Structure formats: structure tokens, C-alpha cells
There are 2 protein chains.
Amino acid sequence: MRIGELSRRTGVSVPTIKFYVREGLLPAGELTSPNQASYGEAHVQRLRLIRALLDVGGLSVAAIREVIVAVDDPEQSVHELLGTVAGGLVPRYDREPHAGIEEARKQVAALIAARGWRTYPGSPAAEALAVALAAVDEVGHGSFIEVLDSYAEAAERVAKADLEYVARNVAREGLVESVVVGTVLGDAIFSALRRMAQTDTSDRMYGQAR
Amino acid sequence: MRIGELSRRTGVSVPTIKFYVREGLLPAGELTSPNQASYGEAHVQRLRLIRALLDVGGLSVAAIREVIVAVDDPEQSVHELLGTVAGGLVPRYDREPHAGIEEARKQVAALIAARGWRTYPGSPAAEALAVALAAVDEVGHGSFIEVLDSYAEAAERVAKADLEYVARNVAREGLVESVVVGTVLGDAIFSALRRMAQTDTSDRMYGQAR
């Protein structure tokens with residue numbers, strides 16, 4: 001199909017499609033004449049993936065490029081791939097570290113040991129957790145650490161569901177994409193569910209007192 | 001204290017502090033002379049909150065303003081406040097709706113009914129969930145819906161821990177702030193824990209096969 005039809009099929013404007021090609025997110029179309037290119041179903045699917053990661057996942061173009069490179073690389077093992085994708089999708093913080101970061105790192109290491117998780121302190125996700133805990137402590141809510149065990153238990157439940165879903169998608173290409181979708185869109189899904197469950201719990205606790 | 005000391009105490013630059021005052025995120029200091037203002041501990045605390053919401057929570061300045069207005073409004077009941085804060089912290093999507101949005105809304109309504117949640121289809125969180133589910137479906141992973149029950153169960157567990165934490169912070173001002181901190185930074189904390197648990201589960205499932 002021509003670029004105009006690709007745009008109609010996906011709801012992404014022609015200039016934006018050209019931008020994604022320049023940025024390396026989308027492969028160029030096949031040239032059918034010096035100034036005309038042809039696009040296929042793979043382009044439709046890839047554009048939908050980019051749009052979901054941008055709109056719902058809130059990823060930056062740079063983060064999406066990193067993920068797409070991993071999706072397209074046939075060399076990595078499944079487990080490495082999962083690590084790349086999960087690690088690449090953790091936010092990175094540029095600002096100077098919070099005052100309590102060392103203490104928070106110790107809390108994270110203790111949590112990993114207590115739960116017997118096969119991950120290591122200093123991994124991108126562990127570091128993201130330490131930064132978040134240090135930030136919570138800095139705003140005077142250090143006691144929020146009390147909820148950490150409940151959160152970790154719930155995270156295990158969600159991760160198990162995630163990986164079981166992934167295991168059902170055996171084809172490698174589908175597998176990588178399902179990890180990306182599950183990790184990024186899963187965050188958005190869980191965050192929405194958490195707010196709905198909070199509203200429910202809050203109504204049960206405080207609703208009658210209005 | 002003067003603005004220079006406020007900057008040193010919080011690690012936020014003087015121009016940025018002035019920007020927050022102009023944007024209504026931070027109350028102005030008390031004028032002690034025509035061109036000098038004095039700041040107190042409340043300013044330190046507020047700046048730390050803003051920084052945590054920006055850096056770790058990833059909120060926009062506009063979203064933070066909305067939250068701060070709710071925190072400062074003494075009129076709302078606790079339950080309304082929880083609704084405002086939780087609802088205000090849901091991402092809003094500007095793009096045209098995904099093709100499957102009506103079907104996704106039905107799935108969300110069915111989930112709310114099945115779990116007996118005291119919330120309603122069409123609430124900001126329910127709508128955010130519908131958009132995320134429609135996006136997942138559009139990229140060809142409609143079967144991701146299989147994990148929804150596990151996610152909802154885990155979300156109930158997390159929301160219960162959240163609200164129990166909130167209930168321990170009985171003073172109203174501390175309560176609102178703890179909801180904000182818990183909701184925004186709690187997302188970041190849970191997201192990091194989920195990736196750590198994924199790494200663990202993935203290592204158990206695929207690590208030996210390398």
C-alpha cells in the first residue's frame with residue numbers, strides 16, 4: 001500500500017510516519033519508483049505498537065527505539081531478551097541522588113534477600129525502586145516502607161501472570177512483542193486497576209462517613 | 001530563610017523555585033523588604049513533594065497543580081479528596097479513541113460487576129483501563145485479557161495496603177499528602193517491584209535453558 005493508505009489504516013499522519021522512519025522506529029517502505037514507496041502489513045502492526053507504547057505506555061521515542069532494536073535482534077536468548085526489555089523500560093533519573101539513597105539501597109537488598117528473588121541489587125529495576133523509596137522518605141513518608149511486603153507479594157502475583165501469558169506465546173517474535181506489550185501496557189492496566197480498587201476500598205472505609 | 005538557602009536545602013535552583021511560585025505550585029515567600037522574601041519549613045516540604053512527583057512520579061506541572069489544589073482545599077471530605085486525587089492522577093489520552101474502545105468498556109464494566117467494586121464504568125480510572133485494553137487489543141494481544149483477574153486480585157491487595165497506610169495517618173493534611181505520595185510514588189514502586197519479580201520468574205522459567 002502507499003503511505004496515504006498506511007496513514008488511514010493506522011490513524012498516524014503521513015509526516016509522523018516519515019518521522020518514525022527517520023528515527024529508526026519503522027523500516028522504510030520498499031521503493032517502487034524514485035519518489036514512491038510501498039508498505040505492508042508489518043508496517044501497520046509496527047505503527048500500532050509504536051502508538052500504543054507512546055500513547056498508553058507514555059514511553060519516549062528514545063525508549064521505544066531501544067525496545068524496537070531488542071525486538072528486531074535475532075541473536076539474544078529469551079531470558080536475555082526479557083532482561084533487556086524489562087531493564088530498558090525502567091525510568092532513569094538524571095537528577096542528583098536523594099539524600100537517603102544509600103539507606104534505600106540497603107532496604108532493597110534486604111527485600112531481595114528476604115524474598116529470595118533471583119535478581120541483584122544494582123539492577124536497573126532495583127535502582128529504580130531505591131530512588132522511589134528515597135523520594136518517599138524525603139517527603140516525610142518513610143513509614144510507607146510498611147506496605148512494601150504487600151506490594152512485593154502482589155508484584156509476584158502479577159509477574160507470574162505476565163510470564164504465564166508470555167509462555168503461551170511460544171513464537172519468538174510474538175514472545176518479545178508480548179513482553180513489551182505486557183510490561184509497558186501492563187503498568188498502565190495495573191495502575192488503573194489500583195485506582196479503581198482504591199476507590200472501592202475508600203468507599204467501604206470512608207463512604208458512609210460523608 | 002532566604003531563597004538561596006531554600007535552594008541549597010532542597011537542591012532546586014533559584015530560577016526553578018521562582019517558576020514554581022509563578023505556576024502556583026509553591027506559595028510565595030513572605031515579603032521582608034520590597035525585593036526580598038522569607039521562606040519557611042513548609043516551603044522546604046512542599047518543594048520536596050513537587051520534586052518527588054516530578055522526578056519519580058513523572059507527573060506534569062499541570063497535573064501537580066491539580067493535586068496541590070486538592071491538598072490545600074480544606075472543604076472536601078476525606079472520601080471526595082481520595083477520589084479527586086486518585087482521579088486526577090490518571091493519564092488522559094488526547095488521541096482519537098482506539099477502534100476497540102466500546103468492546104473494552106464492556107470488558108471493564110463486566111470486571112467491575114464481577115468483583116463487586118464500588119466504582120463505576122466511565123470513572124477516570126475505568127476509562128484509562130478501557131483505553132489500555134483497547135490498545136493491547138489493537139496490537140494483536142487481545143488475549144492479554146486472560147491476566148486481568150490476576151491483576152485485579154493483586155490491585156485489591158495493593159489498594160488495601162495503601163488505604164491501611166492512609167488510615168494510620170489520621171491528621172487530614174498528612175492524610176491527603178500520604179494519598180498523593182502513595183498513589184504516585186506507589187505506582188513507581190510497584191512498577192519496579194514487578195520488573196524485579198519478572199526477572200526472578202523469568203530466571204526460574206528460562207534461566208536454565210541458556
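Residues numbered from 1 in each chain as written. Chains lettered and ligands numbered in written order. Predicted model: local features only at pLDDT ≥ 70, side-chain atom pairs only at ≥ 80, totals over all residues.

Q: Is there a simple way to explain the relation of the copies chain B and chain A in this structure?
A: A rotation about some axis, followed by a shift along it, carries one copy of the chain onto the other. It takes a turn of 180 degrees to lay chain B on chain A, together with a shift of 0.0 Å along the axis; the resulting RMSD is 0.0 Å. With respect to symmetry, the two chain copies, as superposed, fit the operation of a two-fold axis. Closest to the rotation axis within chain B is the C-alpha of alanine 154 of chain B, separated from it by 2.3 Å. (Least-squares fit on C-alpha atoms with pLDDT ≥ 70 in both.)

Q: What exactly am I supposed to notice about the packing of helix α6 (residues 101-115) of chain A against helix α7 (residues 124-138) of chain A here?
A: Between two packed helices, the angle of one axis relative to the other and the distance separating the axes together describe the packing. All names here are of chain A. Between α6 and α7, the shortest axis-to-axis distance is 8 Å and the interhelical angle comes to 125 degrees. Classified by the angle between their axes, α6 and α7 sit oblique to one another. Here α6 runs over α7; the crossing is right-handed. Note on element contacts: α7 touches α6 through Ala126, Leu129, Ala130, Val131, Leu133, Ala134 and Asp137, opposite Ile101, Ala104, Arg105, Gln107, Val108 and Ile112. Taken together, the residues that form the contact of α6 with α7 break down as 10 nonpolar, 1 polar and 2 charged. (Axes fitted to C-alpha atoms, helices over the stretch in contact; angles between N-to-C directions. Helix = DSSP H or I, 4+ residues; strand = E, 2+ residues; numbered from the N terminus. Parallel < 35°, antiparallel > 145°, perpendicular 65-115°, else oblique. Left-handed = near helix turned anticlockwise from the far one by under 90°. Contact = placed C-beta atoms within 7 Å. Nonpolar A, V, L, I, M, F, W, Y, C, P; charged D, E, K, R; others polar.)

Q: Is there a simple way to think about the interface of chain B and chain A in this case?
A: The interface is formed by 81 residues belonging to chain B together with 81 residues belonging to chain A. Ranked by the residues each element gives to the side of chain B that touches chain A, the list is headed by helix α9 (residues 172-206) of chain B, at 24 residues. Considering only residue class, the side of chain B that touches chain A consists of 43 nonpolar, 19 polar and 19 charged.

Q: Where do I start with the confidence of the model for chain A in this structure?
A: A low pLDDT means the predicted coordinates there should not be read in detail. All names here are of chain A. Overall, the prediction assigns chain A a mean pLDDT of 82, with 84% of residues at 70 or greater. Looking at the elements of chain A, mean pLDDT is at its lowest for helix α5 (residues 78-88), recorded as 66, and at its highest for helix α2 (residues 14-22), recorded as 94. At the level of chain-chain contacts, confidence expressed as ipTM amounts to 0.78, with global pTM at 0.78. (pLDDT = per-residue confidence, 0-100.)

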